[in-house]
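# Topology and contacts: notes
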Amino acid sequence: MKKTFELIAPCHFGMEAVLKKEITDLGYDITEVEDGRVTFLGDDEAICRANIFLRTTERILLKVGSFKAETFEELFQATKAIPWEQYIPKDGKFWVTKASSIKSKLFSPSDIQSIMKKAMVDRMKKSFGLEWFEEDGSSYPVRVFLYKDQVTVGIDTTGESLHKRGYRTLNSKAPITETLAAALIMLTPWNKDRILVDPFCGGGTFLIEAAMMAANIAPGMNRNFLSQEWDNLIPKKMWYDSLDEANEMVDKEVKVDIQGYDIDPEIIKAAKLNAAAAGVDHMIHFQERPVSALSHPKKYGFVITNPPYGERLEDKKDLPALYSQIGDRYKALDAWSLYMITAYEDAEKYIGRKADKNRKIYNGMMKTYFYQFMGPKPPRRKTGDSVEK
């Protein structure tokens, strides 16, 4: 009989609904949605499939405990009560890799980490009958969240963050993470039958993520995960089966109209290399081109972009002209939609149109805005009509 686990999927604040839909579409039941994370039920196969298929989460944690702790003694005893021996073998390498605390009486990450490690060792000494652990086996890093004295404990199944798909060999100056780019695309009605242009493409992240979606390329199918070495919890066959599933879904023959522009020829070269590493270079047309040349003869396309927003004070003087230019070129497009993430607080003013939606997103520690200027929907096609791109 397969064992059911609770799995935690952290995400960018504001992207919980997108991640929830992804998990539901993958076939798993949601148990809780909180700021910055979604919890769901799944078996050992779910750990493999979630790591390989989910586009908008940062990692997958195996939840092992939840309790209230207002003192370090309560933290120690509750941590010790968790059946660690059911998850970590006697040769496993285990440590508390990260502790975060918000509005809790216990707030020192280093003290939380130290006390929890001691409690884990105390429990496992008795469970395995050992006085010393070599910790020369597979890694089982623990992450803990404290919010209003409620402690949630999980073992990281992923390792290096899931935003590192493995294709971004070269970066632009201010790259957007792959997970956030995918989430923002999913907030739009864009699909593979519609035109997509990014006039500030940088390393090509928006376009590469869109192309991967169009071709059904799972974001994690070309990288490794910590839990691939967990022979005590996940049979190797589960990973092979999940990767076979991912490979069978790929359709690299899909026809799309995806274009990316940048004024820096070196950045365009980097974007092309990144797209090639992702296996979608044949699906994207990159070109050295300024935003002033943004145009397209067809209707109902999408602009999804991350334009400059003046990270340095001296750059801000150029922003009104730049965003006015974006607005002018957008107005010249026929029935298009514009989706733009930026930290520039006056962006909407210079675009020259009030956004249909304005969503606040925390990109790292920076508050940004996702402006959504939505054009009309294309007319519904009659059976037999050709696809309008």
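Scroll up to find the structure.
Residues numbered from 1 in each chain as written. Predicted model: local features only at pLDDT ≥ 70, side-chain atom pairs only at ≥ 80, totals over all residues. Heavy atoms only, no water.

## A closer look at the overall build of the protein
Cut-off, in case you're wondering: Secondary structure elements follow DSSP: runs of H or I of four or more residues count as helices, runs of E of two or more count as strands, with numbering from the N terminus. Pairs of residues are marked as contacts when any of their non-hydrogen atoms sit within 4.5 Å. Residue exposure ignores everything except the shown protein chains as possible cover, and the areas themselves are Shrake-Rupley values with a 1.4 Å probe. All tallies of charge rest on Lys and Arg as positive and Asp and Glu as negative; His and the ends of each chain are not included. To locate a charge, the coordinates of NZ of Lys, CZ of Arg, CG of Asp or CD of Glu are taken.
When its secondary structure is counted, the protein shows 10 helices and 14 strands. Across its three principal axes, the protein shows a C-alpha extent of roughly 75 × 45 × 40 Å. Partitioning the contacts of the protein with sequence separation of at least 6, the portion at a separation of at least 24 is 76%. Just so you have it, the protein exposes about 18,500 Å², and 50% of that area is on carbon and sulfur atoms. Here the protein carries 56 positive and 56 negative side-chain charges, and the mean point of each set is 4 Å from the other.

## Overview of the pairing of strand E2 (residues 30-34)
The cut-off we apply is this: Strand pairing is defined by DSSP finding a minimum of two bridges between the two strands.
In the sheet, E2 pairs with strand E3 (residues 37-42) via four bridges, with the strands oriented antiparallel. What sits directly across from Val 33, in E3, is Val 38. In this antiparallel pair of consecutive strands, E2 and E3, the connection spans two residues, and Gly 36 shows a positive phi of 85 degrees.

## Focus: the nonpolar core
Under the convention used in this document: Put simply, buried Ala, Val, Leu, Ile, Met, Phe, Trp, Tyr and Cys residues joined by side-chain atoms within 4.5 Å make one nonpolar core. Each residue's exposure class comes from its accessible area (1.4 Å probe, protein chains only) as a fraction of the maximum for that residue type: buried when under 20%, exposed when over 50%, partly exposed otherwise.
Ranked by size, the top nonpolar core spans 97 residues in total, and within it Trp 84, Val 153, Val 280 and Ile 284 carry the most contacts. By residue number, the principal contributor to this core is helix H6 (residues 205-214), which donates eight residues. Apart from residues lying up to four places away in sequence, Val 280 is in contact with Ile 208, Ala 211, Met 212, Ile 217 and Ala 275. Core analysis: the next-biggest nonpolar cluster, separate from the first, contains 25 residues, Val 303, Leu 319, Ala 347 and Tyr 371 among them.

## A look at the sheet that holds E3
The criterion, for reference: For helices, the fitted axis covers only the stretch in contact; all axes are lines through C-alpha atoms, and the angles between them, taken along N-to-C directions, range from 0 to 180 degrees.
Pairing within the open sheet is mixed, and its seven strands lie in the order E2-E3-E1-E4-E7-E6-E5. Strands with a single pairing partner mark the edges of an open sheet, and in this sheet they are E2 and strand E5 (93-102). The average angle at which neighbouring strand axes cross in this sheet is 30 degrees, direction not considered. Note: strand E1 (residues 5-10) against E3, six bridges, orientation antiparallel.

## Thoughts on the side chain of Thr 56
Spelled out, the test is: Here a polar contact is taken to be a pair of N or O atoms separated by no more than 3.5 Å, where protein atoms must pair a possible hydrogen donor with a possible acceptor and residues adjacent in sequence count only if both atoms sit in side chains.
Structurally, the position occupied by Thr 56 is in the loop between helix H2 (44-53) and strand E4 (61-68). Residue classification places Thr 56 among the buried residues on the basis of a relative accessible area of 1%. Of the polar contacts made by the side chain of Thr 56, one reaches the side chain of Glu 22; its length is 2.6 Å. If we skip the residues at most four places from it in the chain, Thr 56 touches Pro 10, Cys 11, Val 18, Leu 19, Glu 22, Thr 179, Ala 182, Ala 183 and Met 186.

Note that every value here comes from positions in space, so none of it alone points to a role or purpose.
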